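# Reading the structure
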Amino acid sequence: MFWDWEYAFEVLPVLAGASIITIQATVLGFILALVLGLIFAIMRMSRNRAISGATTAVVEFIRSTPLLIQIFFIYFVLPEFGIVLDAFLAGTLALGIHYATYCSEVYRAGIEAIPRGQWEAATALNLSPTTTFRDIIIPQAIPPVVPALGNYLVALFKETPLLSAIAVLELMQTAKILGSQNFRYIEPITLVGGFFLIFSLIASAANRYAERRLSTIGKR
Amino acid sequence: MPLKSIVVTAIIAFAAGLVFASFAGYELFIPGLLEGTWITIKITLGGALLAVVAAFIAALAKMYGPAPIRWLATCYIEVFRGTSALVQLFWLFFVLPQLGVTLSPMMSAILALGLNIGAYGAEVVRGGINGVSRDQWEATIALNMSRPLALRRIILPQAFIAMIPPWGNLFIELLKSTSLVSLITISDLTFRAQQMNQATFRTLEIFTLVLLIYLGISLLITFGMRALERIATGGIVRGRAS
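Residues numbered from 1 in each chain as written. Chains lettered and ligands numbered in written order. Predicted model: local features only at pLDDT ≥ 70, side-chain atom pairs only at ≥ 80, totals over all residues. Heavy atoms only, no water.

## Comments concerning the nonpolar core
For clarity, the cut-off: We define the nonpolar core as a collection of buried residues of types Ala, Val, Leu, Ile, Met, Phe, Trp, Tyr and Cys that are connected through side-chain atoms lying within 4.5 Å of one another. Note on exposure labels: buried denotes an accessible area under 20% of the residue type's maximum, exposed denotes more than 50%, and partly exposed covers the range between, all computed with a 1.4 Å probe on protein chains only. Helical segments are the DSSP runs of H or I of at least four residues, strand segments are the runs of E of at least two, and each set is numbered from the N terminus. Contacts between residues were defined by any pair of non-hydrogen atoms, one from each residue, lying within 4.5 Å.
Counting 109 residues, the largest nonpolar core has Val192(A), Leu33(B), Leu89(B), Trp167(B) and Val210(B) as the members making the most contacts within it. It is helix α7 (residues 147-177) of chain B that contributes the most residues to this core, 13 residues altogether. When sequence neighbours within four positions are dropped, the list of residues in contact with Val210(B) reads Ile69(A), Leu33(B), Leu189(B) and Ala193(B). Counting six residues, the second-largest nonpolar core is a separate cluster that includes Ile111(A), Ile137(A), Ile138(A) and Ala141(A).

See the structure below:
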């Protein structure tokens, strides 16, 4: 018998409890990614070339190095500078910063798609750059890129098992502990895979729905 | 990514690398890290090869296969895109032996990462083939070519060029996900970093250096794919919706 239903039902409640940590990390990490991503995008469009150049370098650096090392970096290196974070916080911070760089590209695409006339009209109305950004550009730039941001939410969610590397008790770590306690990995790890699959499928369906809705709004 | 930003990044990375490498006592951890780098490169190459093969098979099966094969290809793509790479890796490493199939850690790593990236690659291949204009298909019908022949001689060579940039991104994703194999006991760069860290406590230098090594490899991939694109287009810049 490959699959033991009794054992599966025994571990399911434990895994369901651990999934709360996974979801917390996803939500907190994504909020950080959204906020920081917008800051990166605006800094990258700065007219000051030192600021835009430095931001570009930082964003490209974070994007082309592995998230796992970044998690280790925050968890192991920052304490040397006196910043001690617990594992969950360090992991969520790393997730948020990593995905902020992806989100900043999405925002940039959204902002660049705004017609020049909008900027010129704002200048003609003597709006300050802050007001222009906050009240004119951002409200028009964000809705079309919501589906792209949604894709990164799903991607971030699927990266949360990496937090198990610094012993955060999220789904994967819990499944591994259950597996080693009972010498049966089949059920816990397959259940974790199933959990991710179901959530990803639901999320992509929701995303497609949002995309359809937003495209009809755009055509009006 | 504009060329200038790549250059800026490379210069900063190089300067930072020099600073850290000039620290005393680096000979304690540099050799270990270089051994790990080699393993990382090997897994990246193996995974890339598998990913390309899996992607083409899955995409062609999904587009032109009979119903059961099409269904199988869709399942493969959805399952590997819908669950995370680490879960797939652990599944191959921990679950398969209990089902009676034992793979070496290296095999599980290449298999899991290659199939994972291959699932994303299948969509890239599909997009590339769909991007070839309908007229090309119609012309092959007019010339009485069979569908496999048309695909091989006419459609794929054109689709191939459009696929190069997204494949470059996927290879960088693959490189980044090779760091996961450190969690299944393979002594890749990430594993070595932790090992050297525990041995020497040079945390800052080691992890910074490791980040820079990964950056260096991904810049190599970027440049390699650019070169490939130049060769494939024969130096002609073609209009392409990208």
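Back to the write-up after that little detour.
## Thoughts on the interface of chain A and chain B
Defined as follows: In this description, buried area is defined as the sum, over both parts, of the accessible area (probe of 1.4 Å) that is lost when the two are combined. Whenever a carboxyl oxygen of Asp or Glu lies within 4 Å of a side-chain nitrogen of Lys or Arg, that contact is scored as a salt bridge. Side-chain atoms alone can form a polar contact between residues adjacent in sequence; in general such a contact is a pair of N or O atoms within 3.5 Å, and within protein one must be able to donate a hydrogen while the other accepts it. Asp, Glu, Lys and Arg are counted as charged, while Ala, Val, Leu, Ile, Met, Phe, Trp, Tyr, Cys and Pro are counted as nonpolar; the rest, among them Gly, fall into the polar class.
On the chain B side, the residues contacting the 40 residues of chain A number 42 residues. In this assembly, chain A packs against chain B so that about 3500 Å² is buried in total across both faces, 74% of it on carbon and sulfur atoms. Taken as a group, Phe61(A), Ile69(A) and Lys158(A) account for 15% of the area that chain A buries against chain B, more than any other trio of residues on that side. The interface formed by chain A and chain B contains zero salt bridges. The tally of links between chain A and chain B comes to 12 residue pairs in polar contact (both at pLDDT 80 or more). For the side of chain A that touches chain B, the secondary-structure elements that each account for two or more residues are α2 (49-63), α3 (67-77), α4 (87-112), α7 (171-182) and α8 (186-219) of chain A. The greatest single-element share of the side of chain A that touches chain B, amounting to nine residues, is contributed by α8(A). Class assignment of the residues belonging to the side of chain A that touches chain B gives a composition of 24 nonpolar, nine polar and seven charged.

## Remarks on the UniProt feature "domain: ABC transmembrane type-1" (unreviewed entry) in chain B
Short version of the rule: UniProt positions are given in the numbering used here, feature names are shortened, and annotations may be inferred rather than shown by experiment.
In the UniProt entry, the feature "domain: ABC transmembrane type-1" (unreviewed entry) is given for residues 37-222 of chain B. Helix makes up 84% of residues 37-222 of chain B and strand 0%, with an end-to-end C-alpha separation of 18 Å.

## Examining the UniProt feature "domain: ABC transmembrane type-1" (unreviewed entry) in chain A
UniProt annotation of "domain: ABC transmembrane type-1" (unreviewed entry) refers to residues 19-207 of chain A when read in the numbering used here. The straight-line gap between the two end C-alpha atoms of residues 19-207 of chain A is 22 Å; of that span, 80% is helix and 0% is strand.

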